Every structure is written in structure tokens, then in C-alpha cells.
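Observations on the model geometry
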Amino acid sequence: MIPSENPAILSVSISSGMSVEIRLGLKEIKIGRGKQADLLLPDPSVSRLHARIFRVGDQYFLSDNSKNGTFVGAKRISQVQLEGGLAFRIGPYQIHFAREERSQSKSEPPTVVPGSVTDPPHRADRKAPPASSSSTLGMINQSAIMKDLIKDIFKVAASGFPVLIEGETGSGKELVSRGIHECSGRKDSPFVVVNCGAISPELIESELFGHEKGAFTGATAQRRGAFEIAHGGSIFLDEIGELPLRLQPKLLRALEQKEIKRVGGNDSILVDVRVLAATNRNLRKEVSERNFRDDLYFRISTITLSIPPLRDRREDILPIANHFLSDVASRANRPTPELSAPAAEFLSSNDWPGNVRELRNAIQRAVVMSDGPSLGVRDFSFLHSTNPESPAVVADHSLSRWEMSEKTNILNELSRQKGNKTRTARELGIAKSTLFEKLKKYEIRTPE
């Protein structure tokens, strides 16, 4: 699955494992570290109400209200018109503005229902405007199995229940969670992404729930966590299976009682957040092995959506590949190459253990390294093992065809990253601990 539309959004990385997106509509968006902020930036250098974004006609404008300033490049601004792709800096945060693509229709519908700009914060999921039955939520879906998944997303979006999204690495779990958020009554509130596998166990509690000043060494100021930042909106907990056992009761409390406590704090803080979680692990097995709490599992799996791997929806491979071809060529400022018939057949027959992420990376590499106006099988030769008879990749008859393909994918990525496991895990879209498990499973030895 891939996004085919870009609504007007602000996006900012809060830390290495947390990012925030907020959709822009008719409502004025306040940016700052105070409770009134729609986009909350938890840093002392950010003013309580630092800046605001407002819409005039079809254009968005950024206005600064702070002492420390808002910057576009090295220039401090007081007010600036926002254009697609523009980035501006507030404190330590680089905030990106993405402009929505224009509709084919002559008149663009408002991004917020008129009159809703003065609505109070969410206490329950408001009913979202009915979506068009032809909407694809930015997902390429030639296959019947994907069409059914999109229908299910529309069904679950209207409820406020937690959703557990299951799927292999790179299959598009974050895109599904974003689709649920965009179809819900929370779509104009923050969408916060937390990768539980990318944050160290020592810091993840603070990232999720925030901390008070002096709570631990280095806590020089109070800081709000992901749940407070996401208040009124949705939080996507990616790789929830990596969440330490000691924190799972606190997450359960946030789900059931809608309240949290900051690290080092005594006060309970009410938070209205819809939790969407994802995993590429078998959580039922993790529960049976007591690596994951059964009460938390039953709470987050009220509704479960399963994303099919790319090899089970081969009708989608070529449309996705062609989308990436156009996108990569545009970014590289060169004509879009065509796929030769043999190359198209090769891509369609590949198992893609890394799913859409692996396909995207393959297209990027092929386009950048190619010279001619078309891509042939030779341009994708890097997908084959460079030495099929090497002991590291020789066929192991105890492995399934897909497991063998996954093993080869890991070996190829390790080779590209020169053995760096941190970068390999990042490129594969998995936690480093998950990579170590797969290295052990496939008996892959690497130099330390």
C-alpha cells in the first residue's frame, strides 16, 4: 500500500521514535508547548503559544507570536505564506508543510465541516463525514483482498475502539492506521506515531507519558509525552510487541481509564486518545510465553485488521511499482523510465519478503543506477544473491520458500549496510531486537 494523495498536513519529528502529524483545514492551528496548542511541541525553548497557521481562501499562512522566533532557513519570519514542501523551524523542531494535491473538480470542498471550528475537544469520537465509496484512502488496490480491507477500515474508523493492525514488515501498517484516523471524527486532531522498537527501554516511558522536572538525570524541564501530544486525536503504537512488560500495565490504564501519570509525577492527567497498535509479531504466542500481558492484548485487539503480504496480492505489484517509478523519477528530475515486459514479469513473480518497503527501495535503486529509458531484469539483478552457492545463502530445505526469500533479503541489506545492524534494522523497518531474532533463526553470522 502506498499513499496516492497528500492532504495538507504539518509533520514534525519529536524524537527518534516519535512523530506528529496534524491535518490542516479551516480551523486555525496553534503551535506551542501550552495546553491550548493544537500542535504541541514539548521543549522549553518553545513559547506556550509560539505560532499559528491560518487559512485565507485556498492559501495557508504561518504567523509568529514568540520571543525566540520562527525561522525559514536562517531567516526569522513574522508571517509567511506556506507552499508545498516548505519547512520551518521552531526551537529544535523542523516542521514540514505538505500541500494537498488539487482535486479534479473546480471547487474544493472545505477541509472542516463549516461551524466546527469552535467545537470543544473530543470527549468521544464524533461522527466523521461519510466517505465516498470509491475512496481508496491513498492505497493502490487492484486486488479483491485489498478492496475488502479498505471497506473494513471505513467500518472501524467510526468507532472509538482500539484497533490492532497485524501484518508483515513493510506491508503498510502505518498507512492503514493513518486511514483509520483520516476517516474518523478525530481527523482534524493530532496523529502521533510512536515506534516502540526504536526507543530505548529506559526512555520509552517518558516518551509515552512525559516526565516532570527532576524526575531523572537530564530531566531539566517538564515534558509532555505522546499521549498528551495526541490529546483529542489518535496515537499509533508501532511494534507494540516491543513494549517492555513493566510498562504494559500503564498503557492498559491509559486505555481503560483514559488517564496517565508523568514519570516522577503524582497527578493523574486525563487524555482523550484513540489507540491504534501494530505488530509483525504473533502476539497470541507472546501472551502464551508470558512476554505480553493477556489483559492488554485483549484490550488492544478489540478489533483486529490483518494486512495481506504483497505476495498474496500480486495484482497490486505492478501498479505500485509504476507509482514508485513516477515518484522516484520526479524526485531525481529525470524522465520516468518504463518497465520492460521481462522486468514486469520478474517483479510480479518475486515474493517480496520486505513487502512494499522492499519494492520501493528496489525501484529507487534501479532508477538511480539505470542509464536508459527503460528498466530490464538486469537493472534488478541486485535482488538476486551475488553468490547463490555461498554457504550463507545456500538453500536450506527446512525453510519455506518465503523464509528463504526473507533470509536472502536480510543478507542483501546487511551487505548494503556493510554489516551495520542498526541501519539494517532501520531499512528493513523492524526493531533491532527483531533483527537479532531473525539472525539467530536463520543462523546468519556477522562480524562483531
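The structure reproduced in this document is the subject of the present report. No experiment lies behind these values; they were computed from the predicted model shown.

You can see valine 263 is positioned in the loop between β15 (259-260) and β16 (269-270). Distance in space between the C-alpha atoms of valine 263 and alanine 215 is 6.3 Å, their sequence separation being 48 residues. Those residues in contact with valine 263 that sit more than four places away from it in its chain are Glu205, Ser206, Gly210, His211, Glu212, Ala215 and Phe216.

With respect to topology, 5 strands assemble into an open sheet ordered β4-β3-β5-β6-β9, the strand pairing being mixed. Because the sheet does not close on itself, it has two edges, and the strands there are β4 (39-40) and β9 (79-82). Of the strand pairs in this sheet, strand β3 (residues 29-32) and strand β5 (residues 51-56) are connected by 3 bridges, and their pairing is antiparallel. Among the inter-strand pairings, lysine 30 is bridged to a residue of β5, identified as arginine 52.

What follows concerns the packing of helix α12 (residues 421-428) against helix α13 (residues 432-441). The interhelical angle for the contact between α12 and α13, taken along N-to-C directions, is 100°, at an axis separation of 9 Å. Considered as vectors, α12 and α13 are oriented roughly perpendicular to each other. Across the interface between the two elements, Lys421, Thr422, Thr424, Ala425 and Leu428 from α12 touch Lys432, Leu435, Phe436 and Leu439 from α13. For the contact of α12 with α13, a count of residues per class yields 5 nonpolar, 2 polar and 2 charged.

Right, let's talk about the pattern of salt bridges for a bit. This structure, assessed with the given rule, holds 29 salt bridges. The partner of glutamate 205 in a salt bridge is lysine 250, and the shortest N-O contact between them spans 2.3 Å. Pair noted here: glutamate 205 is in helix α3 (residues 204-209) and lysine 250 is in helix α5 (residues 248-257), with a separation of 45 residues, a long-range link. You can call glutamate 205 buried: its relative accessible area is 12%.

So, on to the sheet that holds strand β17 (residues 274-279). Here 11 strands make up an open sheet; going across it, the order is β8-β7-β10-β11-β1-β2-β13-β14-β17-β12-β18 and the pairing mixed. Only two strands of the sheet have a single neighbouring strand rather than two, namely β8 (75-77) and β18 (303-306). When the angles between neighbouring strand axes are averaged without regard to direction, this sheet yields 25°. Looking at chain direction, strand β14 (residues 234-238) and β17 are connected through 4 bridges and run parallel. Paired with leucine 237 across the bridge in β17 is alanine 277. Helix α2 (residues 173-182) rests against β2 (18-23), β12 (163-166), β13 (191-195), β14, β17 and β18 of the sheet, and its axis sits at about 150° to β12.

In this structure, Leu10, Leu41, Ile53, Phe88, Phe227 and Ile235 are the most contacted members of the largest nonpolar core, which totals 59 residues. Sort the elements by how many residues they give to this core and α5 lands first, with 4 residues. Setting aside residues up to four positions removed in sequence, phenylalanine 227 forms contacts with Leu208, Phe209, Ile235, Leu251, Ala254, Ile260, Val271, Val273 and Val275.

With that settled, the discussion passes to unusual backbone geometry. A positive phi is found at glutamate 239, a non-glycine position, where the angle reads about 55°. With respect to the helices, strands and loops of the structure, glutamate 239 is situated in the loop between β14 and α5. With a relative accessible area of 5%, glutamate 239 lands in the buried category. Here the phi dihedral of tryptophan 352 falls at roughly 50°; this positive angle occurs in a residue that is not glycine.

For the rest of this paragraph, the subject is the packing of aromatic side chains. Summed over the entire model, instances satisfying the criterion amount to 5 aromatic pairs. Plain terms: the ring middles of phenylalanine 209 and phenylalanine 227 are 5.5 Å apart, the flat faces sit at 25° to each other, and that makes the pair stacked. Of the two residues, phenylalanine 209 is situated in helix α3 and phenylalanine 227 in helix α4 (residues 226-229); the sequence distance between them amounts to 18 residues. Judged by its relative accessible area of 2%, phenylalanine 209 falls in the buried class. The ring of phenylalanine 71 carries arginine 89 above its face, with NZ or CZ at 4.6 Å from the centroid.

Basis of the calculations
- Residues numbered from 1 in each chain as written.
- Predicted model: local features only at pLDDT ≥ 70, side-chain atom pairs only at ≥ 80, totals over all residues.
- Heavy atoms only, no water.
- Helix = DSSP H or I, 4+ residues; strand = E, 2+ residues; numbered from the N terminus.
- Contact = heavy atoms within 4.5 Å.
- Pairing = 2+ DSSP bridges.
- Axes fitted to C-alpha atoms, helices over the stretch in contact; angles between N-to-C directions.
- Parallel < 35°, antiparallel > 145°, perpendicular 65-115°, else oblique.
- Nonpolar A, V, L, I, M, F, W, Y, C, P; charged D, E, K, R; others polar.
- Salt bridge = Lys/Arg side-chain N within 4 Å of Asp/Glu carboxyl O.
- Buried < 20%, exposed > 50% of the residue type's maximum accessible area, 1.4 Å probe, protein only.
- Core = buried A, V, L, I, M, F, W, Y, C linked by side-chain atoms within 4.5 Å.
- Phe/Tyr/Trp six-rings, centres within 6.5 Å; stacked < 30°, edge-to-face > 60°.
- Lys NZ or Arg CZ within 6 Å of the ring centre and 35° of its normal.

By themselves these figures say nothing about function.
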